[in-house]
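So the chains spell out like this:
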Amino acid sequence: MTPIELAERLHARDVVLLAGRLLLSLIFVHEGLQLATHFEAAQKAMAALGVGTPLLLATIALQLGAGLSVALGILARLGAIGLGLFCLMTAGLFHTNFASQNELLHFEKDLAIAGGMFILALAGSGRLSMDWVLTGFAKDTKIDPPVEQHPSVGRRACRFETRVRVR
């Protein structure tokens, strides 16, 4: 068995996507919880940066909502796009003092996290996600379309079925 076959058999792609989702979302869920539980201090700190309370509330909602979305794999693509854009905006608005090594590092980290989020948005959340579970549940409970006898095959076929002919 080749390494690729072994990885496919163990669903390594899905395990790596889960690990990546959890690692990427951790910073947002943690920061969102910190802002929410220390709201007055966060409000003062944000006011010093010119950020008002409505934007602080939106930031907390985005970090917690989209962070949990990515972690759990519920609409993870949408959550990843939201957090990726958030990172780009944060980098461009708050971390542009490149004379400070610390600010440059935060700028680069925000860009790197945004890149990871956009890759996740393209890759999807994988099989180890709530989306996968809910999609499977929805498939099991859907109503089948009307079925009628297809004259050329002699078996039951959906009247909306598309056929591919092999010659």
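Before any of the text, the structure's been laid out above.
These lines cover the structure that appears in this document, whether it is placed above or below. In this text, all values refer to a predicted model and were calculated from it rather than measured experimentally.

## Observations regarding the packing of aromatic side chains
Then comes step 1: One pass over the full model with this rule turns up 2 aromatic pairs.
Then comes step 2: With a centroid separation of 6.4 Å and 70 degrees between ring planes, the pair formed by Phe 28 and Phe 86 is classed as edge-to-face. Residue Phe 28 is found in helix α2 (residues 12–37), and its partner Phe 86 is found in helix α5 (residues 76–94); the two are separated by 58 residues along the sequence.
Then comes step 3: Arranged with centres 4.9 Å apart and planes meeting at 70 degrees, the rings of Phe 98 and Phe 107 form a pair that is edge-to-face.
Then comes step 4: Residue class for Phe 98 comes out partly exposed when judged on its relative accessible area of 43%.

## What to know about unusual backbone geometry
Then comes step 1: One non-glycine residue, Leu 75, adopts positive backbone phi at about 50 degrees.
Then comes step 2: Among the secondary structure elements, Leu 75 is positioned in the loop between α4 (53–72) and α5.
Then comes step 3: Since its relative accessible area comes to 55%, Leu 75 is described here as exposed.

The rules we used
- Residues numbered from 1 in each chain as written.
- Predicted model: local features only at pLDDT ≥ 70, side-chain atom pairs only at ≥ 80, totals over all residues.
- Heavy atoms only, no water.
- Phe/Tyr/Trp six-rings, centres within 6.5 Å; stacked < 30°, edge-to-face > 60°.
- Helix = DSSP H or I, 4+ residues; strand = E, 2+ residues; numbered from the N terminus.
- Buried < 20%, exposed > 50% of the residue type's maximum accessible area, 1.4 Å probe, protein only.

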